[in-house]
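Here's the letter readout for the chains.
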Amino acid sequence: APRLPGSPLYVRGAVQRWLEAGLLAPMPGGWDLAAGVEDDDISATRSLGNMVDDHLATFFGELGPAAAAAEGVLYRAALLGQRFDEVALRATVETRRELRAEVDRVLERAIFRGLIRADGAHVYSFDHGLVHEALLERAERSPDRQRLLIDTANGLQTRYGKDRADVAGSVAQL
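Below you will find a few notes about this structure. (Residues numbered from 1 in each chain as written. Predicted model: local features only at pLDDT ≥ 70, side-chain atom pairs only at ≥ 80, totals over all residues. Heavy atoms only, no water.)

### Focus on the sheet that holds strand β5 (residues 123-126)
In spatial order, the strands read β3-β5-β4; together these three strands make up an open sheet with antiparallel pairing. With partners counted over all chains shown, the strands left at the sheet margins are β3 (83-85) and β4 (116-120), one partner each. Within the sheet, the average angular offset between the axes of one strand and its neighbour, ignoring direction, is 30°. Across three bridges, the pairing between β3 and β5 is antiparallel. Each residue of the ladder has a partner; that of Arg83, found in β5, is Ser125. (Pairing = 2+ DSSP bridges. Helix = DSSP H or I, 4+ residues; strand = E, 2+ residues; numbered from the N terminus. Axes fitted to C-alpha atoms, helices over the stretch in contact; angles between N-to-C directions.)

### Here's the deal with the pairing of strand β1 (residues 24-27)
Two elements, β1 and strand β2 (residues 30-33), share four bridges in a ladder whose sense is antiparallel. Pairing of Pro26 across the sheet is with Trp31, part of β2. Counting the residues in the hairpin turn of β1 and β2 gives two residues, including Gly29, whose phi is positive at 85°.

### Regarding the side chain of Asp85
Relative to the elements of secondary structure, Asp85 occurs in strand β3. Engagement of the side chain of Asp85 in a polar contact is seen with the backbone nitrogen of Ala88, the distance being 2.9 Å. (Polar contact = N/O pair within 3.5 Å; in protein donor to acceptor, adjacent residues only side chain to side chain.)

### What to know about the pattern of salt bridges
By the definition in use, this model includes 13 salt bridges. The closest approach of N and O atoms between Asp151 and Arg96, which form a salt bridge, is 3.2 Å. On the criterion of sequence distance, the pair formed by Asp151 in helix α9 (residues 145-160) and Arg96 in the loop between α5 (86-92) and α6 (97-100) is long-range, its members being 55 residues apart. Since its relative accessible area comes to 16%, Arg96 is described here as buried. (Salt bridge = Lys/Arg side-chain N within 4 Å of Asp/Glu carboxyl O. Buried < 20%, exposed > 50% of the residue type's maximum accessible area, 1.4 Å probe, protein only.)

### Focus on the packing of α9 against helix α10 (residues 165-173)
It is at 9 Å that the axes of α9 and α10 come closest, and there the two elements cross at 170°. Compared by their axis directions, α9 and α10 come out roughly antiparallel. The residues of α10 that touch α9, namely those facing Ala153, Leu156, Gln157 and Tyr160, are Val167, Ser170 and Val171. For the contact of α9 with α10, the class distribution of residues is five nonpolar, two polar and no charged. (Parallel < 35°, antiparallel > 145°, perpendicular 65-115°, else oblique. Contact = heavy atoms within 4.5 Å. Nonpolar A, V, L, I, M, F, W, Y, C, P; charged D, E, K, R; others polar.)

### Observations concerning the nonpolar core
Among the nonpolar cores identified, the biggest contains 40 residues, and Phe84 and Leu135 are the most heavily contacted of them. In terms of residue count, the dominant contributor to this core is helix α4 (residues 67-80) (10 residues). Those residues in contact with Phe84, other than ones at most four positions away along the chain, are Ala77, Leu89, Leu107, Ile116, His122, Val123, Tyr124, Ser125 and Phe126. Within the second largest apolar cluster, eight residues are counted, among which are Trp18, Leu23, Leu24 and Val37. (Core = buried A, V, L, I, M, F, W, Y, C linked by side-chain atoms within 4.5 Å.)

### Some thoughts on the layout of surface pockets
In this structure, the second largest pocket encloses a volume near 220 Å³. For the second largest pocket, the lining is made up of 14 residues, of which Ala68, Gly72, Arg76, Leu99 and Asp144 are closest to its centre. Residue assignment for the lining of the second largest pocket shows that the elements contributing at least two residues are α4, α6 and α9. The dominant element in the lining of the second largest pocket, judged by the number of residues it contributes, is α4, at six residues. (1 Å grid on protein atoms, 1.4 Å probe; cavity = no way out; pocket = protein on both sides within 12 Å on 5 of 7 lines; lining within 4 Å. Points joined across faces, edges and corners; volume = space filled by probe spheres on them.)

### Side note on the pairing of β4
Sheet topology places β4 next to β5; four bridges connect them, and they run antiparallel. Residue Arg117 lies in a different strand from β5, and its bridge partner there is Ser125. Linkage of β4 to β5, two consecutive antiparallel strands, is achieved through a turn of two residues, within which His122 is found at a positive phi near 65°.

In short, the description is geometric, and any link to function would need to be established separately.
This is how it looks when you write it as structure tokens:
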């Protein structure tokens, strides 16, 4: 189930947070609590949603000046769906030169950081349903929301045609 709190995304996020905080130390064959760290120090729970938000903030923060373009690319990918086609994504940024130039880099970094995964030739999916949902929520709050929706609708129609009922339905749901 893509939204279970016991998911690998939660575990991966917790371990990453513990490593960054210096709570774990390498040992032969794995990890152990760092010197002076008690079990209670790592048992504080955080919601999976907060971990996803932190993960996205870290991802965009690492990109510095390219963060705005990365947001534009990933928001459009999220609007395409949990699973999206690279050709459709490229069609959504066709009129945005600054985004067009960043698609490859954003996809590579998003795969590297565990936000998306390749599902075949030129097809991707978000690694977790909550990553997809968080990006949709961010897109909804974006000052460029109208432009995002128009670009995504145009991209869907460019990629799949205007006469298909399923495409018309997807565009209408935007």
